[in-house]
Amino acid sequence: MAIADSSLVGLRKKSLREQALIALRRAITTGELGQGTHLVETELSASMQISRGTLREALRQLEQEGLVSAGERGRLSVRHLDNKEIQDIFAVRASLETLAAITLLQRDDLDSALAQLRAAVSRMDDLSGNDIEERIEADLEFHRTLCRLSENDTLLHSWEQLEGSIRMSIMFGGFERGVKNMDVARHFKLVDTIESGDSAAVNTEIAEHMRIAAETLMTP
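What you are looking at is a predicted structure, and each value in this text was computed from that prediction instead of being measured. (Residues numbered from 1 in each chain as written. Predicted model: local features only at pLDDT ≥ 70, side-chain atom pairs only at ≥ 80, totals over all residues. Heavy atoms only, no water.)

Colleague: Describe in detail helix 3 (residues 52-65), supporting the description with residues and values.
Modeller: With 14 residues, helix 3 extends 20 Å from end C-alpha to end C-alpha; this agrees with the ideal 20 Å at 1.5 Å per step. The inward-facing, buried residues of helix 3 abut helix 1 (16-29), helix 2 (41-48), strand 1 (68-70), strand 2 (76-78) and helix 7 (153-173). Once helix 3 ends, the next one or two residues include glycine 66, with phi positive near 85 degrees. (Helix = DSSP H or I, 4+ residues; strand = E, 2+ residues; numbered from the N terminus. Expected span 1.5 Å × (residues − 1). Contact = heavy atoms within 4.5 Å.)

Colleague: How would you explain the side chain of glutamate 205 if you had to name every residue and give the values?
Modeller: Relative to the helices and strands, glutamate 205 is located in helix 10 (residues 199-217). Classification of glutamate 205 as buried rests on a relative accessible area of 12%. In this view, glutamate 205 contacts Lys189, Leu190 and Thr193; residues no more than four positions away in its chain are not counted. (Buried < 20%, exposed > 50% of the residue type's maximum accessible area, 1.4 Å probe, protein only.)

Colleague: Lay out unusual backbone geometry in plain terms, naming residues and giving numbers.
Modeller: The residue glutamine 49 is not glycine, and still its phi comes out positive at about 60 degrees. Overall, the relative accessible area of 43% leaves glutamine 49 in the partly exposed class.

Colleague: Lay out the packing of helix 4 (residues 83-104) against helix 7 in plain terms, naming residues and giving numbers.
Modeller: Axis separation between helix 4 and helix 7 bottoms out at 10 Å; the angle between their running directions is 145 degrees. When the axes of helix 4 and helix 7 are compared, the crossing they make is left-handed. Where helix 4 approaches helix 7, its residues Asn83, Ile86, Ile89, Phe90, Val92, Arg93, Leu96, Glu97, Leu99 and Ala100 are matched on the opposing element by Leu155, Ser158, Trp159, Leu162, Ser165, Ile166, Ser169 and Phe172. Of the residues in the contact of helix 4 with helix 7, the class split is twelve nonpolar, four polar and two charged. (Axes fitted to C-alpha atoms, helices over the stretch in contact; angles between N-to-C directions. Left-handed = near helix turned anticlockwise from the far one by under 90°. Nonpolar A, V, L, I, M, F, W, Y, C, P; charged D, E, K, R; others polar.)

On their own, these measurements won't tell you what the molecule is for.
Set out below in structure tokens:
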């Protein structure tokens with residue numbers, strides 16, 4: 001693994017554990033550390049200029065997030081996502097986001113919430129010419145906003161626990177499929193369905209939204 005010139009070098013500011021976590025998470029979700037890459041503690045700790053103890057703390061967090069998995073003898077490697085795992089991720093997302101959307105319908109300030117969702121989709125549109133990382137973040141921010149607006153902290157936390165795996169699944173699909181997954185019109189349609197107030201239609205639309213996303217990102 002050649003990382004001498006990567007972003008995983010020279011962490012010196014604030015919490016080293018937090019900085020290591022951010023750098024490793026980004027390297028994994030952008031593909032800098034590819035799926036299946038073995039994570040060698042001595043090499044990583046030397047390159048990042050942190051202790052192996054600090055590195056292990058960051059790696060434990062990444063394992064909890066589902067970005068890193070342990071193999072034989074506890075050797076850690078970047079998790080490999082197969083098609084079934086991608087389907088499972090998006091099935092769970094569908095359940096969480098359907099609950100969020102239906103809960104949203106009970107809000108007295110639904111119009112304000114819908115305006116925030118539309119602003120998030122417009123942000124996706126504004127970034128349509130930008131690099132894939134920024135576009136992924138805008139897409140995730142739309143779905144995170146939907147969950148946050150439910151005002152159900154447990155739901156939001158559950159969604160955020162999937163966030164790393166969601167990023168990985170998008171990067172796993174490659175640039176063209178990742179961009180196709182971030183179709184702006186499809187996201188506006190979802191907001192329009194929520195505005196209709198029809199909970200059955202919301203359930204159907206989100207299930208279809210996630211089905212299309214999963215099928216777009218899976219390996220043929």
